[in-house]
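Inside the fold
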Amino acid sequence: MDDPVMMEEFMQSDDFQQPDGVDRSEGSRDERIFAVADHGVDPSPMKPVSYAQSNNAVAKHKAADHGNDDSTFGWRDALIWCGVPILIFVLLRVFLFGFYVIPSGSMLDTIEIKDRVIASKIAPKYVDLQRGDIVVFHDPANWLTAEQKSGNDDYLIKRVIGIPGDVVECAGAGKPITVNGVAVDETSYIRPGVDPSNFAFRVEVTAGNIFVMGDNRANSSDSRYHQDDGNNGLVPINNVVGVAFVRYWPLSRFGLLDSHHDVFDGVPAGTSAQ
């Protein structure tokens, strides 16, 4: 009989017979009830805890809580949140993208003076250049003596018209540029009111070089004007640092730069460099 109340009622009833020699007093009966109810509980006393031990336990608990507190922001967090984005930017800047200020009006109206552009460094290192690409390149033969310089930089920006193997020519003012004998319609990017070229020329693009022209043909010291520079006005592909693809400043002119590859869709592959 496990219930203490029922046990007590049974012991007080007439049916319960106390064995001889057992104390039938009220206090003795209560002790027996307590012994039955407390069955299975370890009655051994607990070891006393000192004041110092209690304080140490509280301190450890607080330290554990502090270590798990997500609201704290230490120098390691600051390093992660600030350092990682900077590192990513530097890597992108060094290996993938270049940022350039346009010093002259040779690419008007596609790119205006003081515009800022981003160029992809993937080409020509990993991707071949195409006709129509707007390329940033190192001055191949002191071309900048004829154009405005930008600080100590020797960068120029032009559009690729001929690639290795091409023959680029023009019959003169009012005539179109032809590439490998096919006339190309450049009205989608040449500055309005400007001839494709105001004089006649013919250039064969040799291996490892490109033929470039500015979109503002009337004010562009490009490959046409440097045929006496020792490389027939051509730009070594090794001088190209990237292909411009977006204008990011000023914000009012933010947008992608169109390479107009479709202009050259009808041009056959060149053979002069082979």
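Refer to the structure presented above.
Note that the structure is predicted; figures quoted are calculated from it, not measured.

Bringing the side chain of Ser 104 into the picture now. Relative to the assigned elements, Ser 104 resides in the loop between β1 (97-101) and β2 (116-120). With relative accessibility at 11%, the residue Ser 104 sits in the buried group.

For the rest of this paragraph, the subject is the sheet that holds strand β7 (residues 182-183). Here four strands make up an open sheet; going across it, the order is β7-β6-β5-β8 and the pairing antiparallel. Of all strands in the sheet, those bounded by a partner on one side alone are β7 and β8 (201-204). As judged from the three bridges shared by strand β5 (residues 167-170) and strand β6 (residues 177-179), these two strands associate in the antiparallel manner. Across the sheet, residue Cys 170 finds its bridge partner in β6, namely Ile 177.

Attention now moves to the packing of aromatic side chains. On inspection of all chains with the given rule, the structure shows seven aromatic pairs. Feature note: the residues Phe 199, Phe 201, Phe 211 and Tyr 225 constitute an aromatic cluster, connected by ring pairs. Here Arg 159 stacks its cationic end above the ring of Tyr 189, 4.2 Å away from the centre of that ring.

Before going further, it helps to examine the environment of Val 160. Relative to the elements of secondary structure, Val 160 occurs in strand β4 (residues 155-162). A residue is classified by how much of its surface remains accessible, and Val 160, at 0% relative accessible area, is buried. Those residues within four positions of Val 160 in sequence are excluded, and the remaining contacts are Gln 130, Arg 131, Gly 132, Asp 133, Val 135, Ile 210, Phe 211, Val 212 and Phe 264.

Burial along β8 is one-sided: the face carrying Phe 201 and Val 203 is buried and the face carrying Arg 202 and Glu 204 is not. Sheet topology note: the β5/β8 ladder contains four bridges and is antiparallel. Directly across from Glu 169, in β8, lies its bridge partner Arg 202.

Analysis parameters
- Residues numbered from 1 in each chain as written.
- Predicted model: local features only at pLDDT ≥ 70, side-chain atom pairs only at ≥ 80, totals over all residues.
- Heavy atoms only, no water.
- Helix = DSSP H or I, 4+ residues; strand = E, 2+ residues; numbered from the N terminus.
- Buried < 20%, exposed > 50% of the residue type's maximum accessible area, 1.4 Å probe, protein only.
- Pairing = 2+ DSSP bridges.
- Phe/Tyr/Trp six-rings, centres within 6.5 Å; stacked < 30°, edge-to-face > 60°.
- Lys NZ or Arg CZ within 6 Å of the ring centre and 35° of its normal.
- Contact = heavy atoms within 4.5 Å.

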